Amino acid sequence: MPKKKLHLLLINPWIFDFAAHDLWAKPLGLLVLGGVLRTRGYEVRLIDCLDSHEARMHGITGMKPAKRGIYGTGKFFRVEVPKPLALRSIQRRYWRFGITPELFVERLLQGPAPDAVLITSGMTYWYPGVQEAIRLVQAHLPGKPVVLGGTYATLCPDHARRRAGADYVLTGPGEEKILPLLERLTGHAVPVLNHENRQPLPAFDLLSHLDYVCVLASRGCPFRCPYCASQFLHPRYRRRPPPEVADELEFWHKRHGVTDVAFYDDALLLDAEQHMLPVLAEVRRRHLALRFHTPNALHVQALSAEVCEALFATNFRTLRLGLETADPAQQERLGGKARLETFSWAMTNLIRAGFSPKEIGVYLLCGLPGQKPAEVAHSIRVVQDHGARPYLAEFSPIPGTLLWADAVRSSPFDLKAEPLYHNNSILPCRSFGLKELQRLKDMCKE
Ligand code: B12
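Here is what the cut-offs are and how they apply
- Residues numbered from 1 in each chain as written.
- Predicted model: local features only at pLDDT ≥ 70, side-chain atom pairs only at ≥ 80, totals over all residues.
- Heavy atoms only, no water.
- Helix = DSSP H or I, 4+ residues; strand = E, 2+ residues; numbered from the N terminus.
- Rg over C-alpha atoms; globule rule 2.2 N^0.38 Å.
- Buried < 20%, exposed > 50% of the residue type's maximum accessible area, 1.4 Å probe, protein only.
- Contact = heavy atoms within 4.5 Å.
- Areas by Shrake-Rupley, 256 points an atom, 1.4 Å probe, with all protein chains shown as cover.
- Lys, Arg positive; Asp, Glu negative; His and termini not counted.
- Charge placed at Lys NZ, Arg CZ, Asp CG, Glu CD.
- Pairing = 2+ DSSP bridges.
- Right-handed = clockwise from strand over helix to strand, strands pointing away.
- Near = heavy atom within 4 Å.
- Polar contact = N/O pair within 3.5 Å; in protein donor to acceptor, adjacent residues only side chain to side chain.
- Nonpolar A, V, L, I, M, F, W, Y, C, P; charged D, E, K, R; others polar.
- Core = buried A, V, L, I, M, F, W, Y, C linked by side-chain atoms within 4.5 Å.
- Axes fitted to C-alpha atoms, helices over the stretch in contact; angles between N-to-C directions.
- Expected span 1.5 Å × (residues − 1).

Quick notes on the overall build of the chain
Along the backbone of the chain there are 15 helices and 17 strands. For the chain, whose C-alpha radius of gyration is 22 Å, the value lies close to the compact-globule estimate of 22 Å for 446 residues. Dimensions of the chain along its principal axes, counting C-alpha atoms only, are 65 × 55 × 40 Å. Buried residues in the chain amount to 56% of all 446 residues. In the chain, 75% of the contacts between residues at least 6 apart in sequence involve partners at least 24 apart. Only carbon and sulfur atoms are counted for the fraction: they give 52% of the accessible area of the chain, which is about 19500 Å². Averaging the positions of the 56 positive and the 45 negative side-chain charges in the chain gives two centres separated by 3 Å.

In C-alpha cells:
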C-alpha cells in the first residue's frame, strides 16, 4: 500500500450540444478506472457534472428539473449557452447539460485536496465541456496535475493536447497506462496485486443514485465497419468469462437493488453459444429479476431462434438492431454485415420468441457521404413493413475510420481542424439538408 493515502478526483465533464438525453449514458470508462484505482489503495472521489439527481439543482432559475423516465433513463439538467463561433450558422439552440459551474466549483473545494485529477471525455464534439472543467480545476486547484483520457482524447489526441488544457493526455484503455503515470506524479509506488485475477467492478457506487448500471460482457469488436472507431478505442477484442459477468449482474441487483442494465458491448451476441447464452443461463439459474437494454446495436446475423428465445426469457426490454441500410449496394460499402434477408430472418425469430415488433428498434445510418434521402426513406419503409420502429442514427465522421477521407471530401465543414463539426446533429457530410432530415424523422414516427 502507498505510505500515505493518496486522493484522486475523477471528473465526468459537461456535455455542450444541441441535444442530449440520458439514454443509459454513464461514464463507464471513468468508473472502470475508479474501480481499478480503489483496489490499488487510492481514495477516489467523483464529480459527475451530468448528475440528474443533484438535489441542489432543483429550483435554480432557468434549469429544467430533470425528469426520470421508464427503465431509469431521463433528462439532464440544461441551460442554454451561446453557440461556439464554429457553429453559429446552425439554426438550433445550444445547451450546457448538467450541473451549474458554481456547484461544480463548490464540489471541487470539498474534501481533501486531490493528488491528481482524472477527467474523462465522451464524443469528440463534446470537448468544450472538457475544456471548461479543466479551466475551473486549474483556477481553483492550482498546481494539481490533470490527466485526460477517454473517447475524444483517443480519437483526437493532437487536438486534445493542444486545446483541452490538461497536463497529460492518455489515449486508449486507461487501466494500465494510468498506474505508472500516477507513480511518477505522486512519487509513491503502486502496490502489486497478485491475489486478484479478475477486474474489479466499475465504481458505480460513486454515483449519487443508481438508476441503472452499464455492463460490458466483452471489449472491442472483431468487425472493421468503415464508420466505426471501436478498433481504435479498444484494439483487442476480449470476452469476459460468463460467470464473472453473471457475478457482476448479481452484485448490482442484490447489493444495490438495481433492476435495469444496459449492455455497452460493440459485439454483444458474437459467438453467443459460447458466451452470452451461458451468461443468460446463469441469470435465469440465479433468478435475477433484471431488465436488459441494448442501446448499442445488436448484430442481426446473431439473432438465431435460440438466441432470441434466451433474450425474451431473460427480459430484454429495449432492443436495438443494426440494419444500417436496406440498400444492397450501400450495405456492401458498409461491410456487408446486415443483409435484408438476414434482417427478415432475425425479425421472424424475435417475434416467434415473443417480442412485439413495436418493441424492436432498428438503427438506420443517415447522412453518410453521398447518401441520397431516397435510400434512407426506402430503408425506413422496409423496417416499418416488418412492423419494427426505425431510428435514424445520423452519421458522425470519426478520424482514422475508413469513411473519414470520404467524409472530409464531401463535407462543407472543416472536419479535420474542428471536432465540433463531427456532431451528428448538424449532418456534417450534408448529402442532403436538415429540412430533408426532419422529413425523414417525421416518416419514422408514422
Ligand atoms: C455506450 C455508447 C454510447 C451511449 C452513451 C455513452 C456515454 N457515456 O455518453 C449512447 C448509446 C447514448 C451513445 C450515443 C451515441 N454515440 Co456512442 N458509443 C458508446 C460506445 C458503444 C461505448 C462507450 C463506452 O462506455 N465504452 C466502455 C468504456 C469502458 O470504454 P471507454 O469509455 O473508451 O473508456 C476507456 C478509455 O477510453 C480510457 N478512459 C476513459 N476515461 C478516461 C479518463 C482518464 C483520465 C484516462 C487516463 C483514461 C480514460 O480508459 C477506459 C477503460 O479502458 C462507444 C464505442 C466504443 N467502443 O467505445 C460509442 C461511440 C463513443 N459513440 C459514437 C457515436 C457516433 C454515437 C452517436 C452519435 C450515435 C448516433 N448517430 O446516434 C450517439 C451520440 C449521442 C449524442 N447525444 O450526441 C462514436 C463516437 C462519435 C464521436 N464523434 O465521438 C463511438 C466511438 C462509436 C463509433 N461509431 O465508433 N453512445
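Don't stop here, the text continues.
Quick look at the pairing of strand β16 (residues 360–366)
The side chains of a regular strand alternate between both faces of the sheet. In terms of residue burial, β16 counts as a mostly covered element, since 6 of its 7 residues are buried. Where strand β15 (residues 316–324) meets β16, 5 bridges bridge the pair, whose relative direction is parallel. Residue pairing in the sheet places R320 in a bridge with G361 of β16. Taken together, the 6 bridges between β16 and strand β17 (residues 389–394) define a ladder with parallel strand orientation. Among the inter-strand pairings, L364 is bridged to a residue of β17, identified as L392. In terms of handedness, the path from β16 via helix α13 (residues 373–385) over to β17 forms a crossover that is right-handed.

A few points about the site of the ligand
Close to the ligand lie 40 residues; T120, T124, E175, A229 and D266 are nearest. A distance of 3.5 Å is found between a nitrogen atom of the ligand and a backbone nitrogen or oxygen belonging to G150. Side-chain polar atom of D266 to a nitrogen atom of the ligand: 2.6 Å apart, as the coordinates give it. Sorting elements by how many residues they give to the shell around the ligand places helix α1 (residues 28–39) first, with 3 residues. For the shell around the ligand, the class distribution of residues is 22 nonpolar, 12 polar and 6 charged.

A word on the side chain of Q331
Structurally, Q331 can be placed in helix α11 (residues 328–333). Of the residues examined, Q331 reaches a relative accessible area of 6% and is grouped as buried. A polar atom in the side chain of Q331 sits 2.9 Å from the backbone oxygen of A338. Not counting chain neighbours up to four residues away, the residues in contact with Q331 comprise L323, T325, A326, G336, A338, R339 and L340.

Here's the deal with the nonpolar core
In terms of nonpolar packing, the biggest core is built from 84 residues, with L37, L249 and L311 touching the most fellow members. Looking at which element gives the most residues to this core, the answer is α1, with 6 residues. Those residues within four positions of L249 in sequence are excluded, and the remaining contacts are V215, V261, V279, V283, L288, L290 and F292. Membership of the second largest hydrophobic core comes to 52 residues, among which are I99, I134, Y227 and F395.

What about the environment of T73?
Structurally, T73 can be placed in the loop between β3 (43–48) and β4 (78–80). Remark: the alpha-carbon pair of T73 and H140, spanning 67 residues in sequence, is separated by 33 Å.

Side note on the sheet that holds β4
Ordered in space as β2-β5-β4, the 3 strands form an open sheet in which the pairing is antiparallel. Bordering the open sheet on either side are β2 (15–17) and β4, each of which pairs with just one other strand. Put simply, the sheet's adjacent strands are angled 20° from each other on average, direction ignored. Both β2 and strand β5 (residues 95–97) contribute to a ladder of 3 bridges, which runs antiparallel. Opposite D17, over in β5, you have W95 as the bridge partner.

Points about the sheet that holds strand β8 (residues 168–169)
By definition, the strands of a sheet pair up through backbone hydrogen bonds, in either a parallel or an antiparallel sense. Taking strand neighbours across the sheet as the criterion, the 5 strands line up as β3-β1-β6-β7-β8 in an open arrangement whose pairing is parallel. At either end of the open sheet lies a strand with only one pairing partner, and these are β3 and β8. As paired strands, strand β1 (residues 7–12) and β3 are joined by 6 bridges and run parallel to one another. Across the sheet, the residue bridging to N12 is D48, located in β3. On the sheet, helix α2 (residues 101–109) packs against β1 and β3 and is oriented at approximately 170° with respect to β3.

Describing helix α6 (residues 175–186)
Here α6 contains 12 residues, and its C-alpha end-to-end distance of 17 Å stays within 8% of the 16 Å for a straight helix at 1.5 Å per residue. What α6 keeps buried is the set E175, I178, L179, L181, L182 and T186. Residues of α6 that are buried in the fold lie against β1, α1, β6 (116–119), β7 (146–148), β8 and β10 (218–219). A positive backbone phi angle near 75° is found at G187, which sits one or two residues after α6.

Some remarks on the pairing of β15
Within β15, 8 of the 9 residues are buried, which leaves the element mostly enclosed by the surrounding structure. Bridge analysis of strand β13 (residues 291–293) against β15 gives 2 bridges, and the strand direction is parallel. The residue of β15 that forms the bridge with F292 is F316. Pairing geometry for strand β14 (residues 298–299) and β15, over 2 bridges, is parallel. Across the sheet, the residue bridging to L298 is L321, located in β15. Handedness of the crossover joining β14 and β15 through helix α10 (residues 305–313) is recorded here as right-handed.

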